[in-house]
Amino acid sequence: METVNFKGAPVKLSGALPAVGSEAPLFTLVGKDLADISLKDLRGKRVVLNIFPSLDTDVCAASVRRFNKEAAELDNTVVLCVSEDLPFAAARFCTINGIENVFTASGFRSDFGKEYGVVIEEGPLRGLYARALVVIDENGKVIGTSLCKEITEEPDYTYAIDLLKKEKC
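Keep in mind it's a predicted model, so treat the numbers as computed, not measured. (Residues numbered from 1 in each chain as written. Predicted model: local features only at pLDDT ≥ 70, side-chain atom pairs only at ≥ 80, totals over all residues. Heavy atoms only, no water.)

Caption draft 1: Structural view of the overall build of the chain. Tallying secondary structure elements over the chain gives 4 helices and 9 strands in all. Starting at the N terminus, the α and β elements of the chain follow one another as β-β-β-β-β-α-β-α-β-α-β-β-α. For 169 residues, the compact-globule formula gives about 15 Å, and the C-alpha radius of gyration of the chain, at 14 Å, lands near that figure. The dimensions of the chain, computed from C-alpha atoms along their principal axes, are 40 × 35 × 30 Å. (Helix = DSSP H or I, 4+ residues; strand = E, 2+ residues; numbered from the N terminus. Rg over C-alpha atoms; globule rule 2.2 N^0.38 Å.)

Put into structure tokens, the structure is as follows:
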């Protein structure tokens, strides 16, 4: 079980991110159009899971905008921006912000958060996801992870982008 901070106060998570080199846990999330998004359906593509609490916070919104910009330059890569936000809120956010290069995915009817160890177990954000990145290769193997030790800080974009550039297919 991991611990991160929310505004400096420690909060426990439901587990730990999958280990680098391991098979990524399978998941089915819900897209902004209410269709299922499954890791199985993404085989053959590299996947970046940009995991965060909610699109309704400045830092989370900034991460989606930044990955939207970066994703346009990544070959054979899908960026999934994963939160507990309902698909309707995600669709509205994408429309307002011109988000076209990444996909939003809701875990509201999924075990994704538990499987990936990112559910915040205590504190005011209890039940939402911690901020993390998981990078998965085209064969479904985890090639990198990054857990933000402070939930209010942006993820390490450079880590994920550099890893993908290094691991070109």
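Caption draft 2: Spotlight on helix α1 (residues 58–71). The end-to-end C-alpha distance of α1, which contains 14 residues, comes to 20 Å, matching closely the 20 Å that a straight helix rising 1.5 Å per residue would cover. If you check which residues of α1 are buried, you get Cys60, Ala61, Ser63, Val64, Phe67, Asn68, Glu70 and Ala71. Summarising the contacts, the buried residues of α1 are in contact with β5 (46–51), β6 (77–83), α2 (87–97), β8 (132–136) and α4 (157–166). (Expected span 1.5 Å × (residues − 1). Buried < 20%, exposed > 50% of the residue type's maximum accessible area, 1.4 Å probe, protein only. Contact = heavy atoms within 4.5 Å.)

Caption draft 3: Quick look at the pattern of salt bridges. For the structure shown, the criterion picks out 6 salt bridges. Two residues, Lys149 and Glu2, come together in a salt bridge whose shortest N-O distance is 3.4 Å. Here Lys149, found in the loop between β9 (142–147) and α4, pairs with Glu2, found in the segment before β1 (3–6); they are 147 residues apart in sequence, far enough to count as distant. Using a relative accessible area of 47% as the deciding quantity, one classes Lys149 as partly exposed. (Salt bridge = Lys/Arg side-chain N within 4 Å of Asp/Glu carboxyl O.)

Caption draft 4: Examining the sheet that holds β6 more closely. Taking strand neighbours across the sheet as the criterion, the 7 strands line up as β4-β3-β7-β6-β5-β8-β9 in an open arrangement whose pairing is mixed. Edge positions in the open sheet fall to β4 (36–38) and β9, since each of these has one partner strand only. Sheet twist, expressed as the mean angle between neighbouring strand axes with direction ignored, is 30 degrees. Where β6 and strand β7 (residues 103–106) come together, 4 bridges link them in parallel fashion. Bridging from a neighbouring strand, Val82 pairs with Ala105 of β7. Strand contacts of α4: β5, β6, β8 and β9, with the helix running at about 170 degrees to β9, the strand carrying the most contacts. (Pairing = 2+ DSSP bridges. Axes fitted to C-alpha atoms, helices over the stretch in contact; angles between N-to-C directions.)

Caption draft 5: View of the packing of aromatic side chains. Tallied over the entire structure, the rule returns 5 aromatic pairs. Ring geometry for Phe27 versus Phe112: centroids 5.4 Å apart, planes at 90 degrees, classification edge-to-face. In this pair, Phe27 is assigned in the loop between β2 (9–12) and β3 (28–31) and Phe112 in helix α3 (residues 112–115), connecting sequence segments 85 residues apart. Three or more aromatic residues joined by ring pairs make a cluster, and in this case those are Phe27, Phe112, Tyr116 and Tyr129. (Phe/Tyr/Trp six-rings, centres within 6.5 Å; stacked < 30°, edge-to-face > 60°.)

Caption draft 6: Structural detail: the side chain of Asn50. Following the sequence through the fold, Asn50 ends up in strand β5. Its relative accessible area of 0% is what places Asn50 among the buried residues. Here Asn50 is in contact with Ser63, Val64, Phe67, Leu80, Cys81, Val82, Ala132, Leu133 and Pro155, once residues within four sequence places are set aside.

Caption draft 7: Fine view of the nonpolar core. Residues Leu49, Ile51, Leu80, Val82, Phe112 and Tyr116 are the most contacted members of the largest nonpolar core, which totals 32 residues. Sorting the residues of this core by element identifies β1, β5, β6, β8 and β9 as the ones contributing at least two each. Those residues in contact with Leu80 that sit more than four places away from it in its chain are Phe27, Ile37, Leu42, Val47, Val48, Leu49, Asn50 and Phe103. Membership of the second largest hydrophobic core comes to 24 residues, among which are Phe93, Val102, Ile143 and Leu163. (Core = buried A, V, L, I, M, F, W, Y, C linked by side-chain atoms within 4.5 Å.)

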